[in-house]
Amino acid sequence: MKTTGRSILRSAVGTGGGREPTAASVARRDTWLRRLPLLPAFVYVVLVTQIPFALTIYYSFFSWNLLKPGSFQFTGLDNYTRLLTDESLRTGVLNTVVLTFSVIAISVVLGLAIASMLNSEVFGKGLMRTLMIAPFLIMPTAGALIWKDTLLNPLFGLLPYLLTPFGLGRVDWVNRFPMATVVAVEVWRWTPFMMLIILAGLQSQNPELLEAAHVDGANALQAFRRITLPLVRPFIELGALLGSLFVVQTFDSIYMLTYGGPGEDTTNLPFLLYLVAFQGFSIGQASAIGVVAVILTTIVATFALRTLFSIFHVEARR
Amino acid sequence: MAILGLFIAVVGAACSGGAGGGGGGGGTTTITLGAVDNPQMADLKKLVPDFENAHSNIKVNIVTLPEDQIRQQVTQDVATQSGRFDLFTIGTYEVPLWGKLGWLQDLSSYIAKDSSYAPDDLIPGIKTALTYNNDLYAVPFYGESSMLMYRKDLLSAAGVTMPDHPTWDQVAAAARKVNSATVNGICLRGLPGWGEQLAPLDTVVNTFGGRWFDQNWNAQLTTPQWHDAVTFYVNLLKSAGEPGAGNAGFTECLNAYNSGKVAMWYDATVGASNFTGTAAQNSGYAFAPTKVKDWSGWLWAWTLAMGSASKKKDAAWTFADWATSKDYIKLVGSKLGWAHVPPGTRTSTYGLPEYQQAAGAFAQVTLDSISHADVTHATVDPVPYIGIQYVDITEFQQLGDQVSQEFAKVIAGNETVDQALQKAQSLAQAVGKNYQH
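Quick caveat: nothing in here was measured; it's all calculated off a predicted structure.

1. Some points on the overall build of chain B
Here's step 1: In terms of helices and strands, chain B carries 18 helices and 11 strands.
Here's step 2: Computed over C-alpha atoms, the radius of gyration of chain B comes to 22 Å, within 12% of the 22 Å expected from 2.2 N^0.38 for 437 residues, which places it in the range of a compact globule.
Here's step 3: The dimensions of chain B, computed from C-alpha atoms along their principal axes, are 70 × 55 × 45 Å.
Here's step 4: The contacts of chain B with a sequence gap of at least 6 include a subset with a gap of at least 24, amounting to 76%.

Dropping the structure here:
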């Protein structure tokens, strides 16, 4: 640190200096040489993420509808002010929050339960763990189709068939309870993810601690609440935040299951954006929604990264 | 990431102007056709070698995609004038709209050059729908109207006879009479989407006397006619329709009808050519049911159109000419079988004895329905727009999708008809404002 500080100082003083390579310029060249191998990656990342994003911001200031030639006009913050009064956007944000919150909450609880089970000595643990991860490995589109057609279809689905004795044989689950259906499918997908992360936390626990607690007279519930839970808490936080980053962007299963409907009951932000961009072809308006969505996601991501780093700090302290 | 991904796609499409196409070298021209994925297009793909043999200097590259995707891709391509597709399949909805925007090549001069093309042989209803400013901007490859298909055996077992021109009240009564624990009375589309649920529902609204807009572009969805029509449709679905109506589109209804789970089906005329087994042997066909207005069948055609930005117009027309000619119909019939002939485009098709034999009972109903479907006079009261099962304005794709989503909510039982119509009214009113000056 100190050397760098001094070299900056020296280079500032010696700017007028002749061609003779000063220590400062050598140091500077060294740092650039060291950065050089990173440059292609850096350029690539800027090309594929920042330029589209900058263009998106640019387009969001224009009233551009593909179906209306000549509509490419600068309108300032018009697209954004319209978003403020747009009921669809409010519904979209609300649906995104409801979907994300319920999916994460339910899958964390289920993931914790399953992880605790897999952490104890049960028969066929390896096989069970593999099976439990399976939903996370199935492509979201394929998974949603399986749910919609083979499990929930009111005419020939498995669930209505199993529920026939209870008089629920011909219930159209997807349309009667659209949000619950999407939440169920997403929980099915995300529980394995939570389970894996929490399991990693549980396995880092020193069994002697639990033994000691047992000797001290703590029952299983107390030991879990007072010792295990505080230990895995950062893992749960990490899982929840990483998970919400992805669940906020849920698109595939909504597209396949409900197409955002009925009405706007399951239209979340990404799906609203899709509708505005590809049904309405309002590129300006869709760009504004995109920018808002990116800002919202960035806020969530900031929390996620902070938690991630706090875990590393804890690890480092050990 | 998905959000950004979408935008890369949009931006990419917007920036790729002129990059598409890619001509063939050495005297041969390669044209690209963006086509909707349907059986008739699959047949066209099979017959492309026949075309290429006859025209050694033209190569044809056909890109087929499902309906919603081809619509998005072609719209992006044409709107940004990138010229990726030289020819594309678009529907009757797009042709006049895009013709007006200057996105399509006026085909009348090309048609005039070919003395054997016989444009007067095109079925009148279809020809009107593809005309803008008295010129044809697309040529029809496939055409359809809507009709009522019913199982004669199931209806007669319930003591019902279906007239050739039924009213909706007769159809509803018949559906309720036939409806039982194992067989539902009628299949009607409930799947949201302007091209799905809204197509049959719009024809019901038309014949009940409803309209989307009055002459001054004021939305008319809270009128009693709309209320009655939507209530009728939803009640018919609930009392005698298929279960899970909210997910039922053309394919789902076809499967239900083919497997004998529904006794009647009101849908596209092309449905009948997909019947198998008992459904094929025992089906009767009636014209689209009516209430106030006669001839309430819809009109749809998949057409071949040429972008005004195409750089290979002559080669593209040569192919479009071939694929929509009388000779192509005969080629399909002799090579792939007469049941494969693309229906609903030329009057002469229905005069071919081989086709009459293959298409049988529904050929005449199809021809008459298409001939009588008039996109310029679809409603009881006058309207400022054209279109039967759609309103021919750019905003309608989104408006129609949103409105049909509200109706899906009604079908699912999560909203009342009046609530849905109230929302639909405000959506339509916002669109109508764009046309009020």
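2. Section: the sheet that holds strand S6 (residues 139–144) of chain B
Residue and element names in this part refer to chain B.
Here's step 1: Ordered by their spatial adjacency, five strands build an open sheet running S2-S1-S3-S11-S6, and the pairing between neighbours is mixed. A single partner strand is all that each edge strand has here, and the edge strands are strand S2 (58–65) and S6. Shown here is a sheet whose adjacent strand axes are inclined to one another by a mean of 20°, direction ignored.
Here's step 2: As defined by bridge partners, strand S1 (residues 29–36) adjoins S2 across eight bridges and the pair is classed as parallel. Opposite threonine 29, over in S2, you have isoleucine 58 as the bridge partner.

3. Concerning the interface of chain B and chain A
Here's step 1: With 31 residues of chain B in contact, the opposing surface of chain A contributes 36 residues.
Here's step 2: Listing elements by their share of the side of chain B that touches chain A, those giving two or more residues are helix H1 (2–15), helix H3 (67–79) and helix H17 (396–412) of chain B.
Here's step 3: The residue makeup of the side of chain B that touches chain A, split by class, is 15 nonpolar, 12 polar and four charged.

4. Some details on the nonpolar core
Here's step 1: By size, the foremost hydrophobic cluster in this structure holds 198 residues, and its most contacted members are Ile198 and Ile289 of chain A together with Leu87, Ala138, Ile186, Met264 and Phe319 of chain B.
Here's step 2: With 10 residues, helix H10 (residues 178–203) of chain A is the largest single contributor of residues to this core.
Here's step 3: Ignoring any residue separated from it by four or fewer positions in sequence, one finds methionine 264 of chain B in contact with Leu148, Met149, Tyr150, Val171, Ala174, Ala175, Gly185 and Ile186 of chain B.

5. Observations concerning the sheet that holds strand S10 (residues 283–287) of chain B
Residue and element names in this part refer to chain B.
Here's step 1: Spatial ordering of the open sheet is given by S8-S9-S7-S10, a layout of four strands whose pairing is mixed. Each edge of the open sheet is held by one strand with a lone partner, namely strand S8 (184–187) and S10. On average, each strand axis in the sheet is inclined to that of its neighbour by 20°, with strand direction left out of account.
Here's step 2: Across five bridges, strand S7 (residues 146–151) lies against strand S9 (residues 262–268) in antiparallel orientation. When the bridges of S9 are listed, serine 146 appears paired with alanine 268.

6. Here we look at the domain arrangement of chain B
Residues and elements named next belong to chain B.
Here's step 1: Once the domains are mapped, chain B shows domain 1 (18–144 + 300–366) and domain 2 (146–298 + 393–433).
Here's step 2: Computed from C-alpha atoms alone, the centre-to-centre distance between domain 1 and domain 2 is 29 Å.
Here's step 3: Between domain 1 and domain 2, the contact holds nine residues from the first and 10 residues from the second.
Here's step 4: Per element, the largest residue contribution to the side of domain 1 that touches domain 2 is four residues, and it comes from helix H16 (residues 361–372).
Here's step 5: Its residues assigned to classes, the side of domain 1 that touches domain 2 shows seven nonpolar, one polar and one charged.

7. Here we look at the confidence of the model for chain B
Interpretation of the predicted coordinates at a detailed level should be avoided for regions scoring low in pLDDT.
Residues and elements named next belong to chain B.
Here's step 1: Averaged over all residues, the pLDDT of chain B equals 88, while 94% of them reach at least 70.
Here's step 2: Between residues 1–25, whose pLDDT stays under 50, and residues either more than four places distant or in other chains, the model counts 45 contacts.
Here's step 3: Confidence metrics for the complex model read pTM 0.80 and ipTM 0.74.

8. Observations regarding the packing of helix H2 (residues 39–54) of chain B against helix H14 (residues 326–336) of chain B
Residues and elements named next belong to chain B.
Here's step 1: In contact at an axis separation of 11 Å, H2 and H14 are set at 100° when each is read in the N-to-C sense. Relative to H14, the element H2 is oriented roughly perpendicular. Here H2 contributes Asp43, Lys46, Leu47 and Asp50 to the contact with H14, which in turn contributes Leu331, Val332, Lys335 and Leu336.

9. Some words on the confidence of the model for chain A
Residues and elements named next belong to chain A.
Here's step 1: Mean pLDDT over chain A stands at 83; residues scoring 70 or higher make up 90%.
Here's step 2: Here helix H1 (residues 2–13) stands out as the least confident element of chain A, with mean pLDDT 41; H10 is the most confident, with 93.
Here's step 3: Predicted confidence for residues 1–17 stays below pLDDT 50, and this span has 10 contacts to residues more than four positions away or in other chains.

10. Some details on the pairing of S6 of chain B
Residue and element names in this part refer to chain B.
Here's step 1: Of all the six residues making up S6, six are buried; the element is thus mostly covered by neighbouring parts of the structure.
Here's step 2: Of the strand pairs in this sheet, S6 and strand S11 (residues 300–306) are connected by five bridges, and their pairing is antiparallel. Considered in S11, the bridge of valine 139 is made with leucine 304.

11. Overview of H16 of chain B
Here's step 1: If you check which residues of H16 of chain B are buried, you get Phe362, Ala363, Val365, Thr366, Leu367, Ser369 and Ile370 of chain B.
Here's step 2: If you follow the buried residues of H16 of chain B, they end up packed against helix H6 (124–129), S6, S7, S10 and helix H15 (353–359) of chain B.

12. Brief notes about the packing of helix H5 (residues 87–119) of chain A against H10 of chain A
Residue and element names in this part refer to chain A.
Here's step 1: At a minimum axis distance of 6 Å, the contact between H5 and H10 shows a crossing angle of 45°. Comparing the axis directions of H5 and H10 gives the class oblique. In terms of crossing hand, the pair formed by H5 and H10 is right-handed.
Here's step 2: Its residues assigned to classes, the contact of H5 with H10 shows 20 nonpolar, seven polar and one charged.

13. Points about the domain arrangement of chain A
Here's step 1: What the domain assignment lists for chain A is domain 1 (22–53) and domain 2 (86–317).
Here's step 2: Between domain 1 of chain A and domain 2 of chain A, the C-alpha centre-to-centre distance is 38 Å.

14. Things to note about unusual backbone geometry
Here's step 1: Positioned with a positive phi, tyrosine 259 of chain A is a non-glycine residue whose angle comes to about 50°.
Here's step 2: By the secondary structure assignment, tyrosine 259 of chain A is in the loop between helix H13 (252–257) and helix H14 (269–278).
Here's step 3: Look at tyrosine 259 of chain A and you get buried, because 22 C-beta atoms sit within 10 Å.
Here's step 4: With phi around 65°, asparagine 134 of chain B is a residue other than glycine that occupies positive phi space.
Here's step 5: With respect to the helices, strands and loops of the structure, asparagine 134 of chain B is situated in the loop between strand S4 (131–132) and strand S5 (135–136).

15. Some details on the environment of aspartate 294 of chain B
Residues and elements named next belong to chain B.
Here's step 1: Summarising the element assignment, aspartate 294 is placed in the loop between S10 and S11.
Here's step 2: For aspartate 294, a count of 11 C-beta atoms within 10 Å corresponds to the exposed category.
Here's step 3: It is 9.7 Å that separates the C-alpha atoms of aspartate 294 and asparagine 206, two residues lying 88 residues apart in sequence.

Rules behind the numbers
Once a new chain begins, its residue numbering starts again from 1 and follows that chain's sequence as written. Each chain takes a letter, starting from A, and each ligand takes a number, starting from 1, following the order in which they are written. Only residues with pLDDT of 70 or above have their local features reported here, since the model is predicted, and side-chain atom pairs are shown and tallied only from 80 upward, although totals for entire chains, interfaces and linings are computed over all residues. Each helix corresponds to a stretch of at least 4 residues labelled H or I by DSSP, and each strand to a stretch of at least 2 residues labelled E; elements are numbered beginning at the N terminus. What the globule rule says is 2.2 Å times the number of residues to the power 0.38, and the radius of gyration is computed from C-alpha atoms. Once C-beta atoms have been placed from the backbone, residue pairs whose C-beta atoms lie within 7 Å are recorded as contacts. One requirement defines pairing of two strands: DSSP has to find at least two bridges between them. Throughout, an axis means a line fitted to C-alpha atoms (over the contacting stretch in the case of helices), and angles, computed between N-to-C directions, take values from 0 to 180 degrees. Each residue is assigned to one class: nonpolar for Ala, Val, Leu, Ile, Met, Phe, Trp, Tyr, Cys and Pro, charged for Asp, Glu, Lys and Arg, and polar for all the others, Gly among them. Connectivity within a nonpolar core runs through C-beta atoms within 7 Å, and the core itself is a set of buried Ala, Val, Leu, Ile, Met, Phe, Trp, Tyr and Cys residues. Any residue with 12 or fewer other C-beta atoms within 10 Å of its own C-beta is exposed, any with 20 or more is buried, and the rest are partly exposed; the C-beta atoms used are placed from the backbone. Where a domain begins and ends is set by an automatic assignment or by a domain database. pLDDT expresses how confident the predictor is about each individual residue, on a scale running from 0 to 100. These descriptions rest on fixed angle ranges, namely under 35 degrees for roughly parallel, over 145 for roughly antiparallel, 65 to 115 for roughly perpendicular, and the rest for oblique. If you view the pair so one helix is near and one far, a crossing is left-handed when the near helix is turned anticlockwise from the far one by less than a right angle, and right-handed when it is turned clockwise.

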